[in-house]
Amino acid sequence: MNSPEANGEGSAPAKSPRLARLLSELGFDEGWRRSVLMVLLVLVLTLIIIPKGHLLTPAYAPGDVARRDVKSSRDLLVPDEGLTAKKRIEAEVAVPVLYDLDPQTGAAIAARL
C-alpha cells in the first residue's frame, strides 16, 4: 500500500534532475509552462482568426485581373458629378424662402433717420 499512487505522488511525472537544474539555471520557474502555452495559444488563435490571403497582398498593375477580392487599406471617394449636381438642385428647391431681398430697404431706413 505504499505505492506512489496511494501517496498522491503518482499524479505528476518525475522530472530528471538534469532538466530541473538546467531550467533553474536558465531562470525558468514552474510558471514558464503556462507562459509558453499562453503564447502558443495566442499564435494559433491569431492564425485561425486572420483571413487567408490578407497577410501578403499581391501587387497588381493596372489592367490585371485580381484572383480574389482585394480590400482597400483606406477609404476611397469616387464622386458622381451628374448625381451631385442633381442633388444640389433638389436641395435648393426644397429650401423654403424665408427672406425676400429688397436692396432699397437699407437706403429707405437711412433716409428716415
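Residues numbered from 1 in each chain as written. Predicted model: local features only at pLDDT ≥ 70, side-chain atom pairs only at ≥ 80, totals over all residues. Heavy atoms only, no water.

A word on the overall build of the protein chain. In terms of helices and strands, the protein chain carries five helices and zero strands. Mapped from its N terminus to its C terminus, the protein chain presents α and β elements in the order α-α-α-α-α. The buried share among the 113 residues of the protein chain stands at 1%. (Helix = DSSP H or I, 4+ residues; strand = E, 2+ residues; numbered from the N terminus. Buried < 20%, exposed > 50% of the residue type's maximum accessible area, 1.4 Å probe, protein only.)

Let's shift gears to helix H4 (residues 81–94). A rise of 1.5 Å per residue sets the reference length of H4, with its 14 residues, at 20 Å; its end C-alpha atoms lie 20 Å apart and thus fit the reference within 8%. In terms of burial, H4 is largely open, as just zero of its 14 residues are buried. (Expected span 1.5 Å × (residues − 1).)

Attention now moves to a nonpolar patch on the surface. Judged by side-chain polarity, Met38, Leu41, Val42, Val44, Leu45, Ile48 and Ile49 come together as a nonpolar surface patch covering roughly 690 Å² of accessible area. Counting through the fold element by element, Ile48 comes out in helix H3 (residues 32–49). (Patch = residues over 30% accessible without salt bridge, like charges linked within 9 Å, V, L, I, M, F, W, Y side chains within 5 Å. Areas by Shrake-Rupley, 256 points an atom, 1.4 Å probe, with all protein chains shown as cover. Salt bridge = Lys/Arg side-chain N within 4 Å of Asp/Glu carboxyl O.)

A separate point is the confidence of the model for the protein chain. With 81% of its residues at a pLDDT of at least 70, the protein chain reaches an overall mean of 79. Highest mean pLDDT in the protein chain belongs to H4 (94); lowest belongs to helix H1 (residues 4–7) (48). Note on residues 3–10: pLDDT under 50 across the span, and five contacts to partners over four residues away in sequence or across chains. (pLDDT = per-residue confidence, 0-100. Contact = heavy atoms within 4.5 Å.)

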